[in-house]
Amino acid sequence: MESAGEYDYVIVGAGSAGCVLANRLSRDKDAQVLLIEAGGKDDYVWIHIPVGYLHCIGNPRTDWLYRTESDAGLGGRSLIYPRGKVLGGSSSINGMIYMRGQAGDYDRWAELTGDPGWRWDAVLPLFKQSEDYHGGASAVHGAGGEWRVEKQRLSWKILDAFREAAEQTGIARVDDFNGGDNAGCGYFDVNQKRGIRWNASKAFLRPVAGRPNLTIMTGCHVERLVIERDEHGPVCRGVQFTGGGTAWNARARRETLLTAGAIGSPHILQLSGIGPAALLQSHGITPVADLAGVGENLQDHLQLRMVYKVKGAKTLNTMASTWYGKMKIGLEYALRQSGPMSMAPSQLGAFARSDPGVATPDLEYHVQPLSLEKFGEPLHAFPAFTASVCHLRPTSRGQVRIVSADSFAAPAIAPHYLSTAEDRKTAAAALALTRRIVAAPALQPFAPEEFKPGLHFQTEEELAQAAGTIGTTIFHPVGTCKMGRADDPAAVVDPALRVIGVRGLRVADAAIMPNITSGNTNSPTMMIAEKAAGLIHACWKNR
Ligand SMILES: Cc1cc2nc3c(=O)[nH]c(=O)nc-3n(C[C@H](O)[C@H](O)[C@H](O)COP(=O)(O)OP(=O)(O)OC[C@H]3O[C@@H](n4cnc5c(N)ncnc54)[C@H](O)[C@@H]3O)c2cc1C
C-alpha cells in the first residue's frame, strides 16, 4: 500500500458538507488538510446549466447510481436513489432550492441531544455566516458570504394561478421561506449565480484550492478507516483508499472527518467495523465499536407527484416538444441565462398543514410547470403541471446496510416509506388538500383535470394506496448516523459530532440529523459542517 502522507485532518467526501469543512479547516495555516473525493472534478457542462440536473441523475459521471430495495410501502417498487459523485457532491446535481427548514426542527435537535447549541437561535448565525442573500443582510439573512442565494429568473402563469389558488385555500403568500417559519406559498430562492448553478465546490472549494495546506484528491474511493487501539480504546488514524488503481493510506494526526453523506458515511463506518455487531459479523467484519444506530434511522421525504392536464396555459411539456421551441429556449439561455434552462426543477413552493391541529406546516409542495411518467423519461406530450407534495416529518424509518465486506459493493438502501399508519394518513390528507387547492377558483380558467393519481382514488384508504403508487424520493436521505445523548443506544455521534466509542473520528454531514428538517436538506447540511468546523477548531486551538 502506498502512503498518501500525513495530515492534521483527513476529510472523506467533497460534497455539500465536505467542501465547507475543507474551506474552514484549511483557514488555519498551520493545519494540513486532505480532502478525498470518489468522483471527479465538477467540469461537466450539465452540472452548471440548471436544467442539466436531468442529465446528471442516472449518469455515472456524476451519480453513484444507487437503487433502493423493493419497498413494500410503494407496492414493491425499487427507486433510483441519486447521490452526487463529483466535487460538490449532491449540491452538483440537486434542485438548487435554498431552504433552512423550521426553527422547531433545530429546537427539537437541541432537546433530543440535550445541547442548546443546536437550537435555532444558536444555528441561525451559522446559516447567515456563509450566506450571500439577494436581498442583502438583515436579522435573518447574511450578505457577502460564499453561498449565493438568488431569486429565480422566470415565472409561469400556471404557477402564479396555483399560488392564487393556494391563497384562496388559506395558504398565505410569502416572499421568504427562510426566517424560521416557512408557512405559506411563494417562489423558491435558489443557489445560483446569474442563472448558473452555484454548488458547494464553486462556493467553498475553488476559491481556496490554492492554499498550500489543502490537498484535494479526486477519483479516490475511500474503502475503510484505519482504526488502531491504544490504552484508551479504539482511535481512528486515517483512511485507506483506492485511486488510479493503487491502494493508498493517508494518516490523520488529529481527526478523520466523514462527510460522505447519508449513504456513504454509514457505509464506510460499517466497512470499518463500526456498527451493529451482528450485521458486521455476518459479513466477516470484526466489530471495533458495536454501535446499533449506524445505518439505522434513515429518513427521507416521499414526494407524491400529482399531475394535472391543463388547457390554455404555457407549460414546459409543450414548449419543449418541438425543435423550434427547444431552439428558442436554448437561445434565451445563451443570451440572457434565463428561461427554462435556468430553471430549478421546482419553482413554486408551499408549506401547509395536513390538519389544522398540526402546530407548524408538515407538508411541502414543489410545483412544476411540467410533467413526466418518472425521472429519466420524456415530458408528457400534453400541457400539464405537477403538484408534488411531501410529508415533512415522516415517522417511517429505514436503513442502510452493507451487503458484503467489499467496499465497492453498494449497500442495501431500504427507506420503508409509508410504513406507519400516521404517514399513510398524512399522505392521504396531502392528496386531498391538493385537490382542494386545484379546485379553487384561480385555477378554473385552465380547466385542470387530474391525470395522476386519478379520481378513482377517493376514500382515505384509497388515497393512501394512491400515495404508494405515485410516491417517489425527493432525494433527502438523512439520519443514518444520528446524533444523540450519551444514554441513547441508537446515537452514533454525540452533540459535538464525535463518533461514540472511537476517538479521532467525527461525522459532519446529513447523516447526523436525528430528525429530518422540515424542508430541503442541502443548506441545513452545510450548516452542520459549519458548526463542525467551529467545534473542531475549539477542540484543538489550545493543544
Ligand atoms: C437529485 C437531488 C435533488 C436535490 N434537491 C435539493 C434541493 O433542491 N435543495 C436542497 O436543499 N437539497 C436538495 N437535495 C438534497 C441535498 O443536495 C443533500 O441533502 C446534500 O447535498 C447532502 O450533503 P452531504 O454533504 O451530506 O452529502 P453529499 O453532498 O452527497 O456528499 C457526499 C460526498 O462524499 C463522496 N463520497 C461518498 N462515499 C465516498 C467514498 N467511499 N470515498 C470517497 N468519497 C465518497 C460523494 O461522492 C460525495 O461527493 C437534493 C439531492 C439530490 C440528489
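Residues numbered from 1 in each chain as written. Predicted model: local features only at pLDDT ≥ 70, side-chain atom pairs only at ≥ 80, totals over all residues. Heavy atoms only, no water.

### Focus on the overall build of the protein
(1) Moving on: Summing up its helical and strand segments, the protein has 14 helices and 24 strands in all.
(2) Moving on: Its C-alpha atoms give the protein principal-axis dimensions of about 75 × 50 × 45 Å.
(3) Moving on: A buried classification covers 61% of the 543 residues belonging to the protein.
(4) Moving on: Once local pairs closer than 6 in sequence are excluded, the contacts in the protein between residues at least 24 apart make up 70%. (Helix = DSSP H or I, 4+ residues; strand = E, 2+ residues; numbered from the N terminus. Buried < 20%, exposed > 50% of the residue type's maximum accessible area, 1.4 Å probe, protein only. Contact = heavy atoms within 4.5 Å.)

### Brief notes about the packing of aromatic side chains
Pairs of aromatic rings are described using the distance from one ring centre to the other and the angle between the two planes.
(1) Moving on: Under the defined criterion, the tally for this structure stands at 14 aromatic pairs.
(2) Moving on: Summarising the aromatic geometry, the rings of Phe162 and Phe385 are spaced 6.0 Å apart at their centres and angled 75° between planes, so their arrangement reads as edge-to-face. Linking Phe162 in helix H6 (residues 157–168) with Phe385 in strand E19 (residues 384–391), this pair joins segments that are 223 residues apart in sequence. In this pair, the class of Phe162 matches that of Phe385, namely buried.
(3) Moving on: It is Lys85 that lies over the ring of Trp64; its NZ or CZ is 4.3 Å from the centre.
(4) Moving on: Across the ring face of Phe382, the terminal group of Lys309 is positioned such that the distance to the ring centre comes to 4.6 Å. (Phe/Tyr/Trp six-rings, centres within 6.5 Å; stacked < 30°, edge-to-face > 60°. Lys NZ or Arg CZ within 6 Å of the ring centre and 35° of its normal.)

### Overview of the pattern of salt bridges
(1) Moving on: Under the criterion given, the structure shown has 25 salt bridges.
(2) Moving on: Residue Asp121 pairs with Arg119 through a salt bridge whose shortest N-O separation is 3.5 Å.
(3) Moving on: A salt bridge links Arg401 to Glu296; its shortest N-O distance comes to 3.0 Å. One end of the pair, Arg401, is in strand E20 (residues 399–401); the other, Glu296, is in the loop between strand E15 (289–290) and strand E16 (302–309), and 105 residues separate them in sequence.
(4) Moving on: For Arg401, a relative accessible area of 34% gives the class partly exposed.
(5) Moving on: The class of Glu296 is partly exposed, set by a relative accessible area of 21%.
(6) Moving on: Several salt bridges share partner residues, and in doing so they unite Glu6, Asp8, Arg253 and Arg254 into one network. (Salt bridge = Lys/Arg side-chain N within 4 Å of Asp/Glu carboxyl O.)

### Points about the UniProt feature "binding site: FAD" (unreviewed entry) in the protein
(1) Moving on: As annotated in UniProt, the feature "binding site: FAD" (unreviewed entry) corresponds to Val86 and Val222 in the numbering used here. Over a stretch of 137 residues, the named residues converge on one spot in the fold, their C-alpha atoms separated by at most 13.8 Å.
(2) Moving on: You can see Val86 is positioned in the loop between strand E4 (80–81) and helix H4 (103–113).
(3) Moving on: Classification of Val86 as buried rests on a relative accessible area of 1%.
(4) Moving on: Within the secondary structure, Val222 is located in strand E11 (residues 220–230).
(5) Moving on: Dropping the residues within four chain positions of it, Val222 is found in contact with Val12, Ile36, Val239, Gln240, Phe241 and Ile268. (UniProt positions renumbered as here; feature names shortened; annotations may be inferred.)

### Some details on the site of the ligand
(1) Moving on: Of all residues adjacent to the ligand, which total 38 residues, the nearest are Ser16, Glu37, Ser90, Thr521 and Asn522.
(2) Moving on: Ala17 has a polar backbone atom sitting 2.9 Å from an oxygen atom of the ligand.
(3) Moving on: Ser90 places a polar side-chain atom, nitrogen or oxygen, 2.7 Å from an oxygen atom of the ligand.
(4) Moving on: Among the secondary structure elements, those contributing two or more residues to the shell around the ligand are helix H1 (16–25), E11, helix H8 (261–271) and helix H14 (522–540).
(5) Moving on: By residue class, the composition of the shell around the ligand is 17 nonpolar, 17 polar and 4 charged. (Near = heavy atom within 4 Å. Polar contact = N/O pair within 3.5 Å; in protein donor to acceptor, adjacent residues only side chain to side chain. Nonpolar A, V, L, I, M, F, W, Y, C, P; charged D, E, K, R; others polar.)

### Describing the nonpolar core
Nonpolar side chains in soluble globular proteins tend to be buried together.
(1) Moving on: The biggest cluster of nonpolar side chains holds 82 residues, and the ones touching the most others in it are Trp118, Leu269 and Ile274.
(2) Moving on: When residues in this core are grouped by element, the largest group, 8 residues, is from H14.
(3) Moving on: Membership of the second largest hydrophobic core comes to 58 residues, among which are Leu304, Ile329, Ala352 and Val438. (Core = buried A, V, L, I, M, F, W, Y, C linked by side-chain atoms within 4.5 Å.)

### Looking at the packing of H4 against helix H5 (residues 120–129)
Helices that pack against each other are described as a pair by the angle of their axes relative to one another and the distance between those axes.
(1) Moving on: Where H4 meets H5, the closest approach of the two axes is 8 Å, and the angle between their N-to-C directions is 120°. When the interaxial angle is binned, H4 and H5 end up oblique. For the pair H4 and H5, contact is made by Ala103, Tyr106 and Asp107 and by Trp120, Val123 and Phe127, respectively.
(2) Moving on: Of the residues in the contact of H4 with H5, the class split is 5 nonpolar, no polar and 1 charged. (Axes fitted to C-alpha atoms, helices over the stretch in contact; angles between N-to-C directions. Parallel < 35°, antiparallel > 145°, perpendicular 65-115°, else oblique.)

### A few points about the pairing of strand E1 (residues 2–12)
(1) Moving on: As defined by bridge partners, E1 adjoins strand E13 (residues 246–258) across 8 bridges and the pair is classed as parallel. Its bridge partner being in E13, Ile11 is matched across the sheet by Leu257.
(2) Moving on: The pairing of E1 with strand E2 (residues 33–36) spans 4 bridges and is classified as parallel. Counterpart to Val10 in the pairing with E2 is Leu34. (Pairing = 2+ DSSP bridges.)

### Remarks on the UniProt feature "domain: Glucose-methanol-choline oxidoreductase N-terminal" (unreviewed entry) in the protein
(1) Moving on: Mapped onto this structure's residue numbering, the UniProt feature "domain: Glucose-methanol-choline oxidoreductase N-terminal" (unreviewed entry) falls at residues 84–107 and 261–275.
(2) Moving on: With 21% helix and 0% strand, residues 84–107 has its two end C-alpha atoms placed 29 Å apart.
(3) Moving on: When the span residues 261–275 is considered, its composition is 73% helix and 13% strand, and the gap between its end C-alpha atoms is 16 Å.

### Describing the pairing of E2
(1) Moving on: The alternating pattern of E2 places Val33 and Leu35 on one face and Leu34 and Ile36 on the opposite face, and all of these are buried.
(2) Moving on: Where E2 and strand E10 (residues 214–217) come together, 4 bridges link them in parallel fashion. When the bridges of E10 are listed, Val33 appears paired with Leu214.

### Points about H4
(1) Moving on: Turning to H4, its buried residues number three or more, namely Ala103, Asp105, Tyr106, Trp109, Ala110 and Thr113. Buried residues of H4 fall within an arc of 165° about the axis and therefore sit on the same side.
(2) Moving on: Positive backbone phi, at 75°, marks Gly114, one or two positions downstream of H4. (Arc of directions from axis to C-beta.)

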